[in-house]
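The lines below spell out each chain.
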Amino acid sequence: MGLNDSSPGAMRNGRGLSDQWAESVVVRPRTTERHITVHKRLVLGFALSILTLIIVTAVVQPWRNSRLPGSVRPRHYDLRLAVYMDNFTFSGEVSIELECINATRFIVLHADRLEVDRVTVTAEGGVGGRPSNRPGGGVMRIHRHFPFPANQMYVVALHREMKPMRVYRLNVSFDAAIEDELLGFFRSSYTMQRERRYLAVTQFSPIHARKAFPCFDEPVYKATFSLTLRHDPQYTSLSNMPVESSSLSDEDGWLTNHFARTPRMSTYYLAWAVCNFTYRETQTDSGVTIRLYARPDAILSGAGDYALHITKRLLGFYQDYFKVQYSLPKLDLLAVPKHPYAAMENWGLSVFVEQKILLDADVSSSSYQMELTMVVVHEICHQWFGDLVTPVWWEDVWLKEGFAHFFEYVGTDFLFPKWNMEKQRFLTDVLHEVMLLDGLSSSHPISQEVEQATDIDRVFDWIAYKKGAALIRMLANVMGQPLFQKGLNDYLLSHMYSNAARDDLWRKLSQAMRSEGRDIDIGEMMDRWTLQMGYPVVTISKNQSEQLPTYYITVSQEHFLYGEEVRKNNSLQWQVPLTVAVGNTSAVCSESLIWINNKTETHRIGQMDDSTWLVGNINQTGYFRVNYDLQNWKLLIQQLHTNPQIISVGNRAGLIDDAFNLARAGYLPQGVPLQLIGYLPEETSFLPWHAASRALYQLDKLLDRTDEYRLFSDYVLKQVASRYHQMGWPTNGPGTEGNVLQASYQTEELQRELIMLACSFGNKQCHRQAVAYISDWISSNKNRIPPNIRDIVYCTGVSLMDEDVWEFIWMKFHSSNAVSEKKILLEALTCSDNTFLLNRLLNLSLTSDLVPEQDVIDVIIHVGRNPQGRNLAWRYFREKWDILNARYGEALFMNSKLISGVTEFLNTERELNELKEFILSSGVGAGPALPRALEIVEGNVRWHRLHRRQFYQWLRKPPSTTFG
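Each chain has its residues counted from 1, running along the sequence as written. Confidence filtering applies because this is a predicted model: local features only for residues at pLDDT of at least 70, side-chain atom pairs given and counted only at 80 or more, and all residues used for totals across whole chains, interfaces and linings. Excluding hydrogens and water, the side-chain figures rest on all heavy atoms present in the structure.

Caption draft 1: Structural detail: the UniProt feature "active site" (unreviewed entry) in the protein chain. UniProt positions are given in the numbering used here, feature names are shortened, and annotations may be inferred rather than shown by experiment. Taken from the UniProt record, the annotation "active site" (unreviewed entry) applies to Glu379. For Glu379, the position within the fold is in helix H5 (residues 366-381). Here a residue-residue contact requires only that any non-hydrogen atoms of the pair lie within 4.5 Å. Those residues in contact with Glu379 that lie beyond four places of it in its chain are Ala343, Met344, Glu345 and Phe352. Secondary structure counts use DSSP, requiring at least four H or I residues in a row for a helix and at least two E residues in a row for a strand, with both numbered from the N terminus.

Next comes the structure, spelled out in structure tokens:
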């Protein structure tokens, strides 16, 4: 059909022609179908030409790809560095033994911010070290060598091709700066006896080894490393392996340390440090030397002894659990004043920020000691999951981080069985926390594609760590511990000193299951959980139909999402291992396992009647939420009010968390969770109180600026009052505090939780006690506040008392040497109701060195959590975004943590619009954090619009009324 009609009816494929185009069409000769075909072929040919050009360019110029070409592989690095601490520079020479895989003229490797001086390439012979009899051995002529900064690569172009199955040697000399930005080879400092001292240390994960030496900086390019460090003899140098030999130069007196050759490992696990630290030492039964290096005064005070002690025990625990020996002759723990993360698991030289490894038993709370313990447990686990067996690529970073996070709880239970971490704290601190994030439509699958180097940072988030841990825990419970351990042992032995992907793990775990006659395809089951985002809400209903007897239940699954408007047309399904138990007022039957594979299923469950209740996901081992029909919720709430102990402590915490989140997302009436927590005065266990307080603090930040806020705070205080008064405050007798090893850990934590709730929500007696403690400290200059509640008392005192108290805390922050004490003193300063003081603190944190660099983000976030400081922190964050992004943009977690911390409690239309404007003007460089922040704030605003009225309506009614 011709295109010569310019009338409104001239439409093709739904598109109208513009007048201008239509006029030009009128004067054109008629276009035949043959011409159209020719045009199509021309267009197709042009497109294929462009595609071919792109492919040819990528082949001819492989450095234009974001990934290394793979034509050559490193086998061994000989790295020699001279470190100049007087001007913070270093020079180096690296000699890399290469194996040619595919014929190529190009050696493409990574280098970033390095001044390359000299490059040579030599042909060395055949693979396996055989000398080459072929002509053309020896020096290879280099056509040119040049950096390609867009991909942080360096290219060596040769005159002739390198041949497959041949070995070559690349030599590069270079110079670089010891940076001040916490990545690559960076410097840090501390003050001792009023003298500033410096140290230099590496942080190479995930892609920063290239900042310190030219290398093949992708995890799959494992090689061995021989390192030599030359430096001023007043310093000590450390690396992954022990020092093999040392010598002093006759010319300049400098020290040269040659370190032993490493096993095969990825570049980002290579590490070294130059410092003037001292150490404490211990040794395992198998002869592994463990040292903890730190500031001399910290070592002298014994602040590193606790971490050293538990590391020795943990090496033995992991060797027994995995049935694989620790691979290196030594393990050093290095405590540095400044680091971008809590710690880094470099093989044989794990680096920790001081706050996460140094412990002053006299002033540290049990929660601080617990946190420190778990960081150490996490990093030691990485010596197997990460160092020994490394994920092939960053899309499966959860294979190491998920395991290390899961074993934080398993390993801590080994050290302190009475803490009961894996069955209790895991629920509130991992499962409940990550489900908040993973219930957003802006979430992502745990395994996600990573192409560009800039994409790598975004995979290091709580989805990788916490969801990874939760899925591993679910899988361990499905398999049972013996088979789970058997599968892990086989996985580690099969891939040690190499790389693995998720399918390798699934294969070994499936083999372990089949060895016991259980034919479950772990890969098929787990792909649903790892390749799909989010998780299901499983709804269990007692059957009401006349066709089926009452001992049948209907179970349905759907993708849980907080945004009601994004739930339509959702087709995601999971293979759900649902455990169910039936109970009544006096007993609960044993659990049964049901596999849910479809959207809706009917299952026989056992005899039930009108007074029988159901509870699903026993002890919350599964990664999903459970909802029930309203009658079952009513029976469960009655059970909790009459005899809560019938339901396990894990399920009591789970019911609280599920009910609050189902209500927030609109799956349940707002009154259900409020009526449920009415049983808390009868609750004697820490975990349900902890689950409730987490949910209540979320609501508190949503409501703390509303006119009817007192209705909510009074209701919370009513639930807290009797148990708070019964538990009282801790005594501070000699030897009773700072000793986390005592059996009363759970009681101590419950007491702390109740004091925190009482003071936060305005209990007058709690306020008086906190003020009395602070006043006594100021008047006597002796701190008698029990360490376990110091953070609560400091914050409460600063918020209620005058400016002099703020100045007193500020002074103590500067004079304290205990890292745990400095942390809570700094956080207490953010609790003031005085906006002038808050503003002063914000400005000091960013523009002076009075606040440690890694604590600046925490200051801004904590000011934002203060209702009086929320607008202040939000405005400050926007005004200083360019500075903050420049300083922390490359550090994993930091930008994301800052953005979520400052925005998560914004909840008005005005604040939402401000956030949208900010994203439009400054969204570049923040990765997924800003879209996630936007969805959370939209959810906050939506909750106010849809649910706040119903929420307050229920609070105004007598508690005995229905859900409403």
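Don't stop here, the text continues.
Caption draft 2: Quick look at the layout of surface pockets. The rule is simple: put a 1 Å grid over the protein atoms alone, call a set of points where a 1.4 Å probe fits but cannot get out a cavity, call an open set with protein on both sides within 12 Å along at least five of seven lines a pocket, and count a residue as lining if it has an atom within 4 Å of a point. Grid points are joined across faces, edges and corners, and a volume is the space filled by probe spheres set on the points. Space inside the second largest pocket adds up to approximately 1,100 Å³. Along its surface, the second largest pocket is lined by 35 residues, and Ser189, Tyr190, Thr191, Asp849 and Pro852 are the ones closest to its centre. Elements with a minimum of two residues in the lining of the second largest pocket: strand S11 (184-192), strand S12 (195-203), helix H21 (803-815), helix H22 (819-829) and helix H23 (835-847). Top contributing element to the lining of the second largest pocket by residue count: S11, with 5 residues. Split by residue class, the lining of the second largest pocket holds 10 nonpolar, 12 polar and 13 charged. Each residue is assigned to one of three groups, with Ala, Val, Leu, Ile, Met, Phe, Trp, Tyr, Cys and Pro labelled nonpolar, Asp, Glu, Lys and Arg labelled charged, and all others, Gly among them, labelled polar.

Caption draft 3: Just the nonpolar core, in detail. Judged by nonpolar contacts, the single largest core of 300 residues is most densely connected at Phe213, Trp272, Phe322, Trp384, Trp529 and Phe712. With 12 residues, the single largest contributor to this core is helix H9 (residues 462-479). Among residues more than four places away in sequence, those in contact with Trp529 are Ile446, Lys467, Leu471, Met474, Tyr535, Pro536, Trp574, Gln575, Val576, Pro577, Tyr623 and Phe624. In this text, buried Ala, Val, Leu, Ile, Met, Phe, Trp, Tyr and Cys residues form a nonpolar core when linked through side-chain atoms within 4.5 Å. Whether a residue is buried, partly exposed or exposed follows from its accessible area with a 1.4 Å probe, protein chains only, as a fraction of its type maximum: under 20%, in between, or over 50%, in that order. If you look at the next biggest cluster of nonpolar residues, it comprises 16 residues, including Met192, Val201, Cys275 and Val351.

Caption draft 4: Local environment of the state of the cysteines. Sulfur atoms of two cysteines make up a disulfide when they are within 2.5 Å. Overall, the coordinates contain 2 disulfides when judged by the stated rule. Note that Cys759 is cross-linked by a disulfide to Cys766, the S-S spacing being 2.0 Å. Judged by the torsion about the S-S bond (-95°), the Cys759/Cys766 disulfide is left-handed. For Cys759, a relative accessible area of 6% translates into the label buried. A relative accessible area of 0% places Cys766 in the buried class. Here Cys795 pairs with Cys831 through a disulfide, and the sulfurs are 2.0 Å apart. With the S-S dihedral at roughly -105°, the linkage between Cys795 and Cys831 falls on the left-handed side. One end of the pair, Cys795, is in helix H20 (residues 790-800); the other, Cys831, is in the loop between H22 and H23, and 36 residues separate them in sequence. A relative accessible area of 26% means that Cys795 is categorised as partly exposed. Shown here for the protein chain is a disulfide pattern of 1-2, 3-4, where each number marks a bonded cysteine counted in sequence order.

Caption draft 5: The arrangement of the packing of H9 against helix H10 (residues 481-495) in detail. With their axes 6 Å apart at the nearest point, H9 and H10 run at an angle of 120° to one another. Helix-helix and strand crossings are classified by hand; for H9 and H10 the assignment is right-handed. Note on element contacts: H10 touches H9 through Gln481, Leu483 and Phe484, opposite Ile472, Ala476 and Met479. Axis definition: a line fitted to C-alpha atoms, limited for helices to the stretch in contact. Angles are taken between N-to-C directions and run from 0 to 180 degrees. Handedness of each helix crossing follows the sense of rotation of the near helix against the far helix: counterclockwise by less than a right angle gives left-handed, clockwise gives right-handed.

Caption draft 6: Main features of the environment of Trp254. For Trp254, the position within the fold is in the loop between strand S15 (243-248) and strand S16 (255-259). Excluding anything up to four places from it in sequence, Trp254 contacts Val83, Tyr84, Arg230, His231, Asp232, Pro233, Ser247, Leu248 and Ser249.

Caption draft 7: Highlighting helix H24 (residues 856-865). Within H24, 9 of the 10 residues are buried, which leaves it mostly tucked inside the rest of the structure. Residues Val856, Ile857, Asp858, Val859, Ile860, Ile861, His862, Val863 and Gly864 constitute the buried set of H24. Tucked inside the fold, the buried residues of H24 contact H22, H23, helix H25 (870-879), helix H26 (881-888) and helix H27 (894-903).

Caption draft 8: Examining helix H28 (residues 909-922) more closely. An ideal rise of 1.5 Å per residue puts 20 Å on 14 residues; H28 measures up with 20 Å between its terminal C-alpha atoms. Buried-residue contacts for H28 involve H25, H26, H27 and helix H29 (929-946). Expected span of a helix: the number of residues minus one, times 1.5 Å.

Caption draft 9: Geometry of the packing of aromatic side chains. A pair of aromatic rings is counted whenever rings of Phe, Tyr or Trp (Trp by its six-membered ring) have centres within 6.5 Å, and the orientation is called stacked for planes under 30 degrees apart, edge-to-face for over 60 and tilted otherwise. Counting across every chain of the model gives 65 aromatic pairs. When the centroid spacing of 6.5 Å and the interplanar angle of 85° are considered together, the rings of Phe90 and Phe174 count as edge-to-face. Placement of the pair is Phe90 in strand S4 (residues 89-100) and Phe174 in strand S10 (residues 166-177), with a sequence separation of 84 residues. The burial state of Phe90 is the same as that of Phe174; both residues are buried. Relative to Tyr667, the ring of Phe560 lies with its centre 5.2 Å away and its plane at 20°, an arrangement referred to as stacked. With Phe560 in the loop between strand S26 (552-559) and strand S27 (576-583) and Tyr667 in the loop between helix H14 (649-664) and helix H15 (671-676), the pair connects residues that are 107 residues apart, well separated along the chain. By relative accessible area, Phe560 is classed as buried at 0%.

Caption draft 10: Representation of the pairing of S10. For S10, the tally of buried residues reaches 9 of 12 residues, placing the bulk of the element in the interior. Where S4 lies against S10, 11 bridges are found, and the strand directions are antiparallel. Its bridge partner being in S10, Phe90 is matched across the sheet by Ala176. Pairing of strand S6 (residues 115-126) with S10 involves 10 bridges; the strand directions are antiparallel. For Thr120, the partnering residue across the bridge sits in S10 and is Asn171. When DSSP finds two or more bridges between two strands, those strands count as paired.

Caption draft 11: Molecular detail of the pattern of salt bridges. What makes a salt bridge here is a side-chain nitrogen of Lys or Arg within 4 Å of a carboxyl oxygen of Asp or Glu, nothing more. With the rule as written, the count across this model stands at 46 salt bridges. Its salt-bridge partner being Arg870, residue Asp704 comes within 2.8 Å of it at the nearest N-O pair. Within this pair, whereas Asp704 is found in the loop between helix H16 (686-703) and helix H17 (709-727), its partner Arg870 is found in helix H25, the two being separated by 166 residues in sequence. We note that Asp704, like Arg870, is buried. Its salt-bridge partner being Arg878, residue Glu914 comes within 3.8 Å of it at the nearest N-O pair. Here Arg878 lies in helix H25 and Glu914 lies in helix H28, a separation of 36 residues in the sequence.

Caption draft 12: Local environment of unusual backbone geometry. In this structure, the amide linkage connecting Ser205 to the following residue, Pro206, adopts the cis form with an omega of -5°. For Pro206, the location among the structural elements is in the loop between S12 and strand S13 (224-231). Phi at Arg113 takes a positive value of approximately 65°, unusual for a residue other than glycine. Since its relative accessible area comes to 40%, Arg113 is described here as partly exposed. Look at Asn619: it is not a glycine, yet its phi comes out positive at around 60°. Tracing the backbone shows Asn619 in the loop between strand S30 (613-616) and strand S31 (625-628). For Asn619, a relative accessible area of 31% puts it in the partly exposed group.

Caption draft 13: Local environment of the pairing of strand S22 (residues 349-353). With 5 of its 5 residues buried, S22 lies for the most part within the structure. What you see with S22 is no split at all: Leu349, Val351 and Val353 on one side and Ser350 and Phe352 on the other are buried throughout. Pairing analysis gives 5 bridges linking strand S20 (residues 330-336) to S22, with the strands arranged parallel. Note on S22: the bridge partner recorded for Asp332 is Leu349. Sheet topology note: the strand S21 (residues 343-344)/S22 ladder contains 2 bridges and is antiparallel. The residue of S22 that forms the bridge with Ala343 is Phe352.

Caption draft 14: Representation of the sheet that holds S27 within the structure. Pairing within the open sheet is antiparallel, and its 3 strands lie in the order S28-S27-S30. The open sheet has two edge strands, strand S28 (592-596) and S30, and neither has a second partner. Strand-to-strand, the axes of this sheet are offset by a mean angle of 35°, without reference to chain direction. Here S27 runs beside S28; their pairing, made up of 5 bridges, is antiparallel. Residue pairing across strands places Val580 opposite Ser592, the latter belonging to S28.

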